[in-house]
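Observations on the model geometry
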Amino acid sequence: MAAIDGLPALREVIRDHDLVAKKSLGQNFLLDLNLTAKIARAAGDLTRCDVLEVGPGPGGLTRGLLAEGARRVLAVEKDSRCLPALAEIAAHYPGRLEVINGDALEVDVLAHLTPPIRIAANLPYNVGTELLIRWLTPAVWPPFWESLTLMFQKEVAERIVAKPGSAHYGRLALLAQWRCEARIVMVLPPEAFTPAPKVHSAVVHLQALPEPRYPADPKILERVVAAGFNQRRKMLRASLRGLHPQIESLLEAAGIPPTERAERVTLEQFCHLARLLAR
Ligand code: SAM
């Protein structure tokens, strides 16, 4: 029995339901329920929220979220082998856990959630970045979620929180930090997972800001950032040449030396340039 909820220990759950991890589904399970409860606490006050969890697997994080008081959890899992284990959790927390067997890239989660909504997940590595980019680029801002608390490979987490001048700084950092407060809240060694992955992992917490830090048209900003980092070693006057015939003077007007490289340009400067390009 596990201390946090009186349900069977996760090793027993995995053994009883024969949940041998599948690499193709990015399955690296967290079996320490104290750790999953800690991740759930990093997601903030869940008692007034619906929580979307992608990839519950045998339910370690799901149990952490429910034990920490989440109002409701919607868990989307692709692997149908996990459903009986998740049904046991749902029975233990009547009316608080809904499980959808499907691909998180395809399921219309909004039809199953009531605001306020937070997202918490130990993401499958093969779809993690794609989901994050979708959540960061909704048609309207603020988005449907208040915060994202997500486990990634540590290198991806570093790209999300990177600052100008760092080797990790790029599109993901700018996309995340333009409209969110982003920080790494936990770093985990490979041994925290079963099976152990090759690399360290980290939990990133992203809090949606009510509005962007600096005004800019999202599509233009994305185009400038993409062009700048596509050839990150090139000077901006060269990498952004295709965007505007007078790109050098626009760069100067935005306070960016035309000989600068994208990796040293701040979010504020990118937004300024995007506004000048929009005119
Ligand atoms: N949350 C569990 C934990 O922390 O132990 C499992 C995390 S494991 C890294 C990723 C989970 O995502 C697996 O259960 C896997 O089956 C599931 N998964 C993989 N691709 C998915 C997809 N496209 N949609 C939904 N779930 C997916």
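Keep in mind that this is a model prediction, so the values were computed, not measured.

In the numbering used here, UniProt assigns the "domain: Ribosomal RNA adenine methylase transferase N-terminal" (unreviewed entry) feature to residues 35-210. The span residues 35-210 carries 31% helix and 27% strand; its end-to-end C-alpha distance comes to 30 Å.

Lining the immediate environment of the ligand, one finds 20 residues, of which Q27, L30, G55, E77 and N122 sit closest. Here G57 contributes a backbone N or O atom positioned 3.4 Å from an oxygen atom of the ligand. Within the side chain of E77, one N or O atom sits 2.6 Å away from an oxygen atom of the ligand. Contact with the protein chains covers 99% of the free accessible surface of the ligand, which is 600 Å². Taken together, the elements giving at least two residues each to the shell around the ligand come down to β1 (29-30) and β3 (72-77).

What follows covers the packing of helix α7 (residues 171-179) against helix α8 (residues 218-230). Between α7 and α8, the shortest axis-to-axis distance is 10 Å and the interhelical angle comes to 150 degrees. Relative to α8, the element α7 lies roughly antiparallel. Handedness of the crossing formed by α7 with α8: right-handed. Mapping the contact onto sequence places R171, L174, L175, W178 and R179 in α7 and P218, L221, E222, V225, A226 and F229 in α8. The class makeup of the residues in the contact of α7 with α8 is 8 nonpolar, no polar and 3 charged.

It is worth spelling out the sheet that holds strand β2 (residues 50-54) at this point. If you walk across this open sheet you meet the 7 strands as β4-β3-β2-β5-β6-β9-β7, and the pairing is mixed. Sheet topology places β4 (97-101) and β7 (180-188) at the edges, where each strand pairs with a single neighbour. Neighbour-to-neighbour, the strand axes of this sheet turn through a mean angle of 20 degrees, independent of strand direction. Note: β2 against β3, 5 bridges, orientation parallel.

A few words now on the environment of S201. Mapping S201 onto the fold places it in strand β9 (residues 201-208). Linking S201 and M186, residues 15 residues apart in sequence, is a C-alpha distance of 8.5 Å. Discounting residues that sit within four places of it in the chain, S201 has contacts with M151, F152, Q153, K154, M186, V187, L188 and F193.

Before going further, it helps to spend a moment on the UniProt feature "binding site: S-adenosyl-L-methionine" (unreviewed entry) in the protein chain. UniProt marks N28, L30, G55, E77, D103 and N122 with the feature "binding site: S-adenosyl-L-methionine" (unreviewed entry), using the numbering shown here. Along the chain, E77 falls in strand β3. Judged by its relative accessible area of 5%, E77 is buried. Its location among the elements puts N122 in strand β5 (residues 117-122). Under the relative-accessibility criterion, N122 is labelled buried at 17%. Here N122 is in contact with N28, L30, V54, G55, L61, M151 and F193, once residues within four sequence places are set aside. A distance of 3.5 Å separates the side chain of N122 from the backbone oxygen of N28, its partner in a polar contact.

Attention now goes to the side chain of R63. On the secondary structure map, R63 appears in helix α3 (residues 60-67). R63 gets classed as buried once you look at its relative accessible area, which sits at 2%. Not counting the four nearest positions on each side in its chain, R63 is found in contact with A2, I4, D5, L7, P8, L10, V13, L33, I89 and Y93.

Ranked by size, the top nonpolar core spans 35 residues in total, and within it W135 and I160 carry the most contacts. Here this core gets 5 residues from one element, more than from any other, and that element is helix α5 (residues 125-136). In this structure, W135 is in contact with L52, V54, I119, L123, W141, P143, F144, W145, L148 and L150, ignoring residues within four places of it in sequence. L33, V73, Y93 and M151 belong to the second-largest nonpolar core, a separate cluster that totals 32 residues.

To continue, consider α8. Across its 13 residues, α8 extends 18 Å between first and last C-alpha, which sits within 8% of the 18 Å expected from 1.5 Å per residue. Turning to α8, the residues buried within the fold contact α7, α9 (236-239) and α11 (267-278). Of the residues flanking the start of α8, the one acting as N-cap is D217, its side-chain oxygen 2.8 Å from the backbone nitrogen of K219.

Attention shifts here to α3. The α-helix advances 3.6 residues per turn, and as a result positions three or four apart in sequence lie on the same side. Most of α3 is tucked away, with 7 of its 8 residues classed as buried. Within α3 the residues assigned to the buried category are G60, L61, T62, R63, G64, L65 and L66. One or two residues past the end of α3 sits G69, with phi positive at roughly 100 degrees.

What counts as what
- Residues numbered from 1 in each chain as written.
- Predicted model: local features only at pLDDT ≥ 70, side-chain atom pairs only at ≥ 80, totals over all residues.
- Heavy atoms only, no water.
- UniProt positions renumbered as here; feature names shortened; annotations may be inferred.
- Helix = DSSP H or I, 4+ residues; strand = E, 2+ residues; numbered from the N terminus.
- Near = heavy atom within 4 Å.
- Polar contact = N/O pair within 3.5 Å; in protein donor to acceptor, adjacent residues only side chain to side chain.
- Areas by Shrake-Rupley, 256 points an atom, 1.4 Å probe, with all protein chains shown as cover.
- Axes fitted to C-alpha atoms, helices over the stretch in contact; angles between N-to-C directions.
- Parallel < 35°, antiparallel > 145°, perpendicular 65-115°, else oblique.
- Left-handed = near helix turned anticlockwise from the far one by under 90°.
- Contact = heavy atoms within 4.5 Å.
- Nonpolar A, V, L, I, M, F, W, Y, C, P; charged D, E, K, R; others polar.
- Pairing = 2+ DSSP bridges.
- Buried < 20%, exposed > 50% of the residue type's maximum accessible area, 1.4 Å probe, protein only.
- Core = buried A, V, L, I, M, F, W, Y, C linked by side-chain atoms within 4.5 Å.
- Expected span 1.5 Å × (residues − 1).

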